[in-house]
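Topology and contacts: notes
Residue strings, one per chain:
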Amino acid sequence: MSLNTIEINRLMNRFDSHDSVWLFGYGSLIFKADFPFIERRPASIAGWSRRFWQGSHDHRGTESAPGRVLTLVPEEGATCHGMAYLVTPEEFAHLDHREKNGYLRLATEMTFEDGGRLEGIVYIATADNAAYLGPASERDIARQIATAHGPSGPNSEYLLELARALRELGKHDEHVHAIEGHLEEFTRAAR
Ligand code: BEZ
């Protein structure tokens with residue numbers, strides 16, 4: 001199932017005249033930056049939580065057996081920690097293509113560790129996109145992630161790499177680390 005968001009994202013031209021733009025990464029961008037960047041820094045955005053609620057039919061799953069990847073959902077009082085990358089606006093064409101299955105560019109304010117704040121971009125898959133799967137228990141999410149596999153590799157690799165990268169940043173994420181715990185349980189039981 002796919003909704004090609006490339007054309008919609010091209011209309012988001014707010015930063016096109018800038019020499020560089022901050023991009024906030026909360027998922028695979030934390031552990032895999034497959035694009036050139038000028039600088040990167042740990043950062044956070046307020047009012048959002050990471051959730052494994054977006055379906056992946058093109059990277060970590062298939063049309064018949066979608067995987068689960070991250071999106072952000074609004075949550076009052078929440079803070080989502082991640083990694084910010086300073087990139088040239090041209091990089092967004094590549095990212096729009098990579099994340100074409102439902103992710104839209106949104107302008108957001110991000111906070112750096114020194115307390116400084118700047119506006120930049122974050123990719124979000126909202127509930128109205130065709131690949132959206134929505135909430136499920138963390139155990140059921142782990143069960144789906146345990147078996148899904150797509151062109152970019154096993155869905156479990158995405159989860160485990162993310163969980164490890166968040167630990168390296170010193171940031172605990174209840175949702176991500178609970179799913180990691182369930183996945184490890186299933187893996188032990190299958191041995
Ligand atoms: C990220 O890692 O921030 C990201 C998540 C979904 C789409 C693009 C980027």
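Summary of the structure given here. (Residues numbered from 1 in each chain as written. Predicted model: local features only at pLDDT ≥ 70, side-chain atom pairs only at ≥ 80, totals over all residues. Heavy atoms only, no water.)

The subject of this paragraph is the pattern of salt bridges. One pass over the structure, following the stated rule, counts 11 salt bridges. Here E185 makes a salt bridge to R139, at a shortest N to O gap of 2.8 Å. Of this pair, E185 sits in helix α6 (residues 174-190) while R139 is found in helix α4 (residues 138-147), placing the two residues 46 residues apart along the sequence. The shortest N-O distance in the salt bridge between E161 and R164 comes to 3.3 Å. Note that E161 and R164 are positioned in helix α5 (residues 155-169) at a spacing of three residues, about one turn of the helix. Here E161 falls in the partly exposed class, since its relative accessible area comes to 29%. Residues joined by salt bridges that share partners form a network here, namely E161, R164 and E168. (Salt bridge = Lys/Arg side-chain N within 4 Å of Asp/Glu carboxyl O. Helix = DSSP H or I, 4+ residues; strand = E, 2+ residues; numbered from the N terminus. Buried < 20%, exposed > 50% of the residue type's maximum accessible area, 1.4 Å probe, protein only.)

Over its 17 residues, α6 extends 24 Å from the first C-alpha to the last, a length consistent with the 24 Å expected when each residue adds 1.5 Å. By the burial criterion, the buried members of α6 are H175, V176, H177, I179, E180, H182, L183 and F186. Among the structural elements, β2 (39-56), α4 and α5 are those in contact with the buried residues of α6. Where α6 begins, the side chain of D173 points an oxygen toward the backbone nitrogen of H175, at a separation of 3.1 Å. (Expected span 1.5 Å × (residues − 1). Contact = heavy atoms within 4.5 Å. Polar contact = N/O pair within 3.5 Å; in protein donor to acceptor, adjacent residues only side chain to side chain.)

Counted under the stated rule, the structure contains six aromatic pairs. Summarising the aromatic geometry, the rings of F35 and F37 are spaced 6.3 Å apart at their centres and angled 70° between planes, so their arrangement reads as edge-to-face. Judged by relative accessible area, F35 falls into the buried class, the value being 6%. Here F37 falls in the partly exposed class, since its relative accessible area comes to 34%. Centroid distance F52 to Y158: 5.8 Å. Interplanar angle 80°. Geometry classified as edge-to-face. Of the two residues, F52 is situated in strand β2 and Y158 in helix α5; the sequence distance between them amounts to 106 residues. An identical accessibility class is assigned to F52 and Y158; each is buried. (Phe/Tyr/Trp six-rings, centres within 6.5 Å; stacked < 30°, edge-to-face > 60°.)

As a further point, take the side chain of S44. Note that S44 resides in strand β2. Excluding anything up to four places from it in sequence, S44 contacts F24, T79, C80, H81, E109, M110 and T111.

Now for the sheet that holds β2. Ordered by their spatial adjacency, five strands build a closed barrel running β1-β3-β2-β4-β5, and the pairing between neighbours is mixed. The average angle at which neighbouring strand axes cross in this sheet is 45°, direction not considered. Here three bridges tie strand β1 (residues 21-25) to strand β5 (residues 117-124), and the two strands are oriented parallel to one another. By the bridge assignment, W22 is partnered in β5 with G120. Against the sheet, helix α3 (residues 91-98) engages β1, β3 (67-87), β4 (104-112) and β5, with an angle of about 35° to β5. The strands touched by α4 are β2 and β3; relative to β3, the strand with the most contacts, the crossing angle is about 40°. (Pairing = 2+ DSSP bridges. Axes fitted to C-alpha atoms, helices over the stretch in contact; angles between N-to-C directions.)

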